[in-house]
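# Summary of structural features
Each chain is listed here by its residues.
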Amino acid sequence: QVQLVESGGGLVQAGGSLRLSCAASTYSGYIMGWFRQAPGIEREFVAAINWSGLKVDYADSVKGRFTISRDNAKSTVYLQMNSLKLEDTDVYYCALRLRDSLGVEAGAYDYWGQGTQVTVSS
């Protein structure tokens, strides 16, 4: 059973930064992604990274502000979020995909964390 545990969410002012972390119990060779979701809205792709870290993908809404990275020695993936905006307020989820290719659809991922709340205030 794969377990993903997110941390690092919280309350931050607009323009500020947060770093989310996701520790995985099973990690080797898999695609890791971040998604976010507001109540009543479909889960939205944020970023994904392959095993080597050489392939990444971002949603247009976060390009230039968010950076996904991973530390394979620690079985952890990170999401550095800078220049946060009010519209970045959401629950953020870490996800693991049992394939070699990056995926941008929630249905392409096989395991999910419990989510961590990010709230951006004015």
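I will try to describe carefully the structure that is included in this document. (Residues numbered from 1 in each chain as written. Predicted model: local features only at pLDDT ≥ 70, side-chain atom pairs only at ≥ 80, totals over all residues. Heavy atoms only, no water.)

### Examining the pattern of salt bridges
Counted according to the given criterion, the structure contains 5 salt bridges. Residue R36 is joined to E44 by a salt bridge in which the shortest nitrogen-to-oxygen separation is 2.9 Å. With relative accessibility at 33%, the residue E44 sits in the partly exposed group. Among the ionic pairs, D88 bridges to R36, the shortest N-O distance being 2.9 Å. (Salt bridge = Lys/Arg side-chain N within 4 Å of Asp/Glu carboxyl O. Buried < 20%, exposed > 50% of the residue type's maximum accessible area, 1.4 Å probe, protein only.)

### Side note on the sheet that holds strand β3 (residues 18-24)
If you trace the 4 strands from one edge of the open sheet to the other, you get β1-β3-β8-β7, paired in antiparallel fashion. The outermost strands of the open sheet, each flanked by one partner alone, are β1 (4-7) and β7 (66-71). Between one strand axis and the next, the sheet turns by 15° as a mean value, whatever way the strands run. Pairing of β3 with strand β8 (residues 76-81) involves 6 bridges; the strand directions are antiparallel. Of the residues in β8, the one forming a bridge with L18 is M81. (Pairing = 2+ DSSP bridges. Helix = DSSP H or I, 4+ residues; strand = E, 2+ residues; numbered from the N terminus. Axes fitted to C-alpha atoms, helices over the stretch in contact; angles between N-to-C directions.)

### A closer look at the nonpolar core
By size, the foremost hydrophobic cluster in this structure holds 32 residues, and its most contacted members are M32, W34, L79, M81 and Y92. When contributions to this core are tallied by element, the ones reaching two or more residues are β3, β4 (31-37), β5 (44-49), β7, β8, β9 (90-97) and β11 (116-121). Here this core gets 5 residues from one element, more than from any other, and that element is β5. The residues touching Y92, leaving out its near neighbours within four places in the chain, are E6, L20, W34, F35, R36, V46, F66, L79, M81, G115, T116 and V118. (Core = buried A, V, L, I, M, F, W, Y, C linked by side-chain atoms within 4.5 Å. Contact = heavy atoms within 4.5 Å.)

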